[in-house]
There are 2 protein chains.
Amino acid sequence: MIDKTLEDLFHETLKDIYYAERKILKSLPKMARGAQDQKLKQAFEKHRDETEGQIERLHQVFEIIGKRPRAKTCPAIDGIVEEGEEILEEFKGNPALDAGLLAAAQAIEHYEISRYGTLRTWAQQLGLKDAVTLLEQTLAEESKTDADLTKLAESAVNTAAKKKAA
Amino acid sequence: MIDKTLEDLFHETLKDIYYAERKILKSLPKMARGAQDQKLKQAFEKHRDETEGQIERLHQVFEIIGKRPRAKTCPAIDGIVEEGEEILEEFKGNPALDAGLLAAAQAIEHYEISRYGTLRTWAQQLGLKDAVTLLEQTLAEESKTDADLTKLAESAVNTAAKKKAA
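None of these values were measured; they are calculated from a predicted model.

As for the overall build of chain A
- Helix and strand content of chain A: 6 helices and 0 strands.
- Counting from the amino terminus, helix and strand elements in chain A follow one another as α-α-α-α-α-α.
- Principal axes of the C-alpha set define a box for chain A whose edges measure 60 × 30 × 20 Å.
- Looking at chain A as a whole, 56% of its 166 residues qualify as buried.
- Within chain A, contacts between residues separated by at least 24 positions form 81% of all contacts whose residues are at least 6 apart in sequence.
- Of the roughly 7300 Å² of accessible surface on chain A, 50% is carried by carbon and sulfur atoms.

Digging into the packing of aromatic side chains
- Scanning the model with the defined rule gives 2 aromatic pairs over all chains in all.
- With 5.4 Å between their ring centres and 75° between their planes, Tyr18 of chain A and Phe62 of chain A make a pair best called edge-to-face. One end of the pair, Tyr18 of chain A, is in helix 1 (residues 6–34); the other, Phe62 of chain A, is in helix 2 (residues 38–64), and 44 residues separate them in sequence.
- Residue classification places Tyr18 of chain A among the buried residues on the basis of a relative accessible area of 6%.
- Above the plane of the ring of Phe91 of chain B lies Lys4 of chain A, whose end atom (NZ or CZ) is 5.1 Å from the centre.

Focus: the nonpolar core
- Phe10, Phe44 and Ile77 of chain A together with Phe10 and Phe44 of chain B are the most contacted members of the largest nonpolar core, which has 105 residues in total.
- With sequence-adjacent residues up to four places away left out, Phe44 of chain B is seen in contact with Leu28, Met31, Ala32, Ala35, Leu101, Ala105 and Leu149 of chain B.

Notes on the confidence of the model for chain A
Residue and element names in this part refer to chain A.
- On average, residues of chain A carry a pLDDT of 92, and 92% of them reach 70 or more.
- The secondary-structure element of chain A with the lowest mean pLDDT is helix 6 (residues 156–165), recorded at 60, while helix 2 shows the highest, at 97.
- Here the predicted complex carries an ipTM of 0.89, next to a pTM of 0.91.

Some thoughts on the side chain of Lys41 of chain A
Residue and element names in this part refer to chain A.
- Structurally, the position occupied by Lys41 is in helix 2.
- Buried charged residue Lys41 carries no salt bridge. Nearest counter-charge: Glu45, at 6.0 Å.
- Within the structure, Lys41 has its side chain in polar contact with the backbone oxygen of Ala32 (distance 3.0 Å).
- Beyond its immediate stretch of four places on either side in the chain, Lys41 contacts Ala32, Arg33 and Ala35.

Here is what the cut-offs are and how they apply
- Residues numbered from 1 in each chain as written.
- Chains lettered and ligands numbered in written order.
- Predicted model: local features only at pLDDT ≥ 70, side-chain atom pairs only at ≥ 80, totals over all residues.
- Heavy atoms only, no water.
- Helix = DSSP H or I, 4+ residues; strand = E, 2+ residues; numbered from the N terminus.
- Buried < 20%, exposed > 50% of the residue type's maximum accessible area, 1.4 Å probe, protein only.
- Contact = heavy atoms within 4.5 Å.
- Areas by Shrake-Rupley, 256 points an atom, 1.4 Å probe, with all protein chains shown as cover.
- Phe/Tyr/Trp six-rings, centres within 6.5 Å; stacked < 30°, edge-to-face > 60°.
- Lys NZ or Arg CZ within 6 Å of the ring centre and 35° of its normal.
- Core = buried A, V, L, I, M, F, W, Y, C linked by side-chain atoms within 4.5 Å.
- pLDDT = per-residue confidence, 0-100.
- Lys, Arg positive; Asp, Glu negative; His and termini not counted.
- Salt bridge = Lys/Arg side-chain N within 4 Å of Asp/Glu carboxyl O.
- Polar contact = N/O pair within 3.5 Å; in protein donor to acceptor, adjacent residues only side chain to side chain.

In structure tokens form, the structure reads like this:
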């Protein structure tokens, strides 16, 4: 048996988040179309554009470790995105739709934050300095997106859902 | 068509995290058995015990909204746990196993953090004060667990994986 090392784990997890990012890239326009609140729509559109840049950074990290960019099916993001799409169907035309979409987007963000946090730590331990820089850039973007979504959640979107529900 | 409200969304998401917690409760002992590092083993065992208390709090939140505790299949946690179990199989006996388990546990924590954060915000907006208190208690525990896992990730576990890989 060949020992699997931290390098292998790094490579596997890179393929996992590469799959996840491409899945998210496809999902965000659907969420943007579904969102009723303009600010939420814009937040999804902005994150879609950011996601393209994040995929480009992943290409660079693959290059750093001398591998071709390849995706590996990630059941976690499949499940998270599936839940978001259920919300889109089940709450279509309902006042609480935006609150549900926001929650789905935050679940996506948190998955990404955990994966990029892990990859950054491993890149540090493997001495891949340039990869650390790239992964930290994305991690900072994801954390900011999550914070922005929290602000939206605490203000207009949910208040609107509550008012219409009252 | 009956309008689905924030109350409905809160109830649906409560069933989702209830399913997730019960799934995590079953998964943590497997992860504890698989872990090589004693501190990591203990962290999983401690979190297993905490999870029991978190499920009990969910029972109380169901009671507050006048519903019976029921679970709703959550594809997101199914996917996240599946990835953890893949790591257990693929990296069994390998130096990087613990680093992989740690990463899987952090993905679980982040899913929970996003769900409890969402539920707490909605409970506030719905004026469910006692539910807010319960959800915040769990949210604080999950955040602490994640921080503890980060500390472990940055110290012994990954260093060991790297050394053996060198």
